[in-house]
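As a plain string of letters, each chain reads:
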Amino acid sequence: MKRFAILLFSTLLFACASDKKDTETVRDMAVQEVKKQMNLPEGTTFNNENIKVTEETSDAEGIETIYVVKISIKSQDQDGNEMVKTNTLRYEKADDDTYKLASFD
């Protein structure tokens, strides 16, 4: 019984670690894509408050998971008023563990 409990716990721990790794990978890809699309300077950094990653299951064949990444970028207009623009990126994770940018809004 103890072996079963240890095996179950180990499997659960590995699954959680894998999900976190996928989320971090997609997050990093989204940051690079936003920097490229918006021509942001090389030193631009984002913190965890600016980025939200959510995971959705997919019904499409060959697509395992859809990750939706929302990145908020704060800036100022010419009058000094603060503006916040939110970009939404959708990444599809295929069965072979590859990620593809499906949309950029």
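All values derive from a computational prediction rather than experimental measurement.

## Quick word on the pattern of salt bridges
Taken as a whole, this structure holds three salt bridges when the rule is applied. Between D22 and K93 there is a salt bridge, with the nearest N and O atoms lying 2.7 Å from each other. Here D22, found in helix α1 (residues 2-37), pairs with K93, found in strand β3 (residues 82-94); they are 71 residues apart in sequence, far enough to count as distant. Residues D28 and R27 are paired through a salt bridge, measuring 4.0 Å at the closest nitrogen-oxygen approach. Given the relative accessible area of 43%, D28 is considered partly exposed.

## Observations concerning the nonpolar core
One finds F46, V69, I71, L89 and Y91 to be the most contacted residues of the largest nonpolar core, which totals 13 residues. Within the residue set of this core, elements represented by two or more residues are α1, β2 (63-76) and β3. Apart from residues lying up to four places away in sequence, Y91 is in contact with V26, M29, A30, E33, T65, I66, Y67, V69, K100, L101 and A102.

What counts and how
Residues numbered from 1 in each chain as written. Predicted model: local features only at pLDDT ≥ 70, side-chain atom pairs only at ≥ 80, totals over all residues. Heavy atoms only, no water. Salt bridge = Lys/Arg side-chain N within 4 Å of Asp/Glu carboxyl O. Helix = DSSP H or I, 4+ residues; strand = E, 2+ residues; numbered from the N terminus. Buried < 20%, exposed > 50% of the residue type's maximum accessible area, 1.4 Å probe, protein only. Core = buried A, V, L, I, M, F, W, Y, C linked by side-chain atoms within 4.5 Å. Contact = heavy atoms within 4.5 Å.

Spatial relationships are all this shows, so hold off on functional conclusions.
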